[in-house]
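# Structural overview
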Amino acid sequence: MAGAANKRANRERFSQRKDQDGVARMPRKRFYRQRAHANPFSDHTLEYPESPDTMDWSMYYPAYAVESTSEDSKRPAKLSKDVEVVDIGCGFGGLLVALAPLLPETLMLGLEIRTSVTQFVQERIWALREQNGGTLYQNAACIRANTMKFLPNFFKKAQLSKIFICFPDPHFKARKHKARIVSTTLNSEYAYALRPGGIVYTITDVEALHLWMVQHLDAHPSFERVPEDEVEKDDCVKAMQDETEEGKKVARNQGQKFVALFRRLEDPPWE
């Protein structure tokens, strides 16, 4: 407990938002580290909206907030556009930071279950906004959330255009496979949130997990695998491979990265 208290004290001491010259400081990762993974089935006392319509996004994307009228004063503040890109288990935010300038007109969101890591990403994005005069990174944000439980609480049907699943916990033991972020049930939730033509991006350095994700997404009637020639031309794939913290770690260790993309198909016509 003393170690955790010391870490919190150091984080507060060294993560002052601005230095003596008034320049926004980047947070220091060593003061925000937690265990690599969290149990998604635990009660994490998370806050989540009853439905997407009750979610107030204005605090995360203030540059896109729309002033409410007197009639809407009791409702959550609206945005001029919806979140379209989601990074599930965003870690320390490397992909978000890479994608924000690559897709400057698209709102993107990192979902992270670990408290300290979420705080790090939020501080990182704030600092980047300040350092760029408030003109860049306004389209990126991060919230603490459990995707396995609450994804439909945040996103409407067909709202998203891209879902990234980067280096997820492999849960090697067979009894832990139910905790994998790609599964028959969860794939249906991704299909619900993705619009037709939207893409699920997956990457891992564990071949067995790669084969598992391919098998389960291939078997789902709402998805088809994206051909390799399209994958190679996708700028988001390069960012996913090179800019995530885990991707950099795998590269340093000269490991393999297994990538697979799946496109959301049109729903069949009702009989």
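Each chain has its residues counted from 1, following the order in which its sequence is written. Note on the predicted model: pLDDT of at least 70 is required for a residue's local features to be given, and 80 or more for side-chain atom pairs to be given and counted; whole-chain, interface and lining totals, by contrast, use all residues. No hydrogens and no water enter the side-chain calculation; it runs on all heavy atoms of the structure.

### Examining the UniProt feature "active site" (unreviewed entry) in the protein chain
UniProt positions are given in the numbering used here, feature names are shortened, and annotations may be inferred rather than shown by experiment. Here the UniProt feature "active site" (unreviewed entry) sits at D169. A run of H or I in DSSP becomes a helix once it reaches four residues, and a run of E becomes a strand once it reaches two; helices and strands are each numbered from the N terminus. Relative to the elements of secondary structure, D169 occurs in the loop between β6 (160–166) and α5 (184–193). N or O atoms closer than or at 3.5 Å make up a polar contact, with two conditions inside protein: a donor-capable atom paired with an acceptor-capable one, and, for residues adjacent in sequence, both atoms drawn from side chains. Within polar-contact distance, the side chain of D169 engages the backbone nitrogen of H171 at 3.0 Å.

### Some remarks on the sheet that holds strand β3 (residues 83–88)
A pair of strands is treated as paired once DSSP finds two or more bridges between them. Strand order in the open sheet formed by seven strands is β5-β4-β3-β6-β7-β9-β8, with mixed pairing between adjacent strands. Since the sheet does not close on itself, it has two edges, and those belong to β5 (140–144) and β8 (223–225), each with one partner. Recorded for the sheet is a direction-independent mean angle of 20° between the axes of neighbouring strands. The pairing of β3 with strand β4 (residues 107–112) spans five bridges and is parallel. Directly across from V86, in β4, lies its bridge partner L109. Against the sheet, helix α3 (residues 115–131) makes contact with β4 and β5, and its axis sits at roughly 160° relative to β5, the strand it touches most. Helix axes are fitted to C-alpha atoms over the stretch in contact, other axes to C-alpha atoms as well, and angles between N-to-C directions run from 0 to 180 degrees. The contact criterion used throughout is that any non-hydrogen atoms of two residues lie within 4.5 Å.

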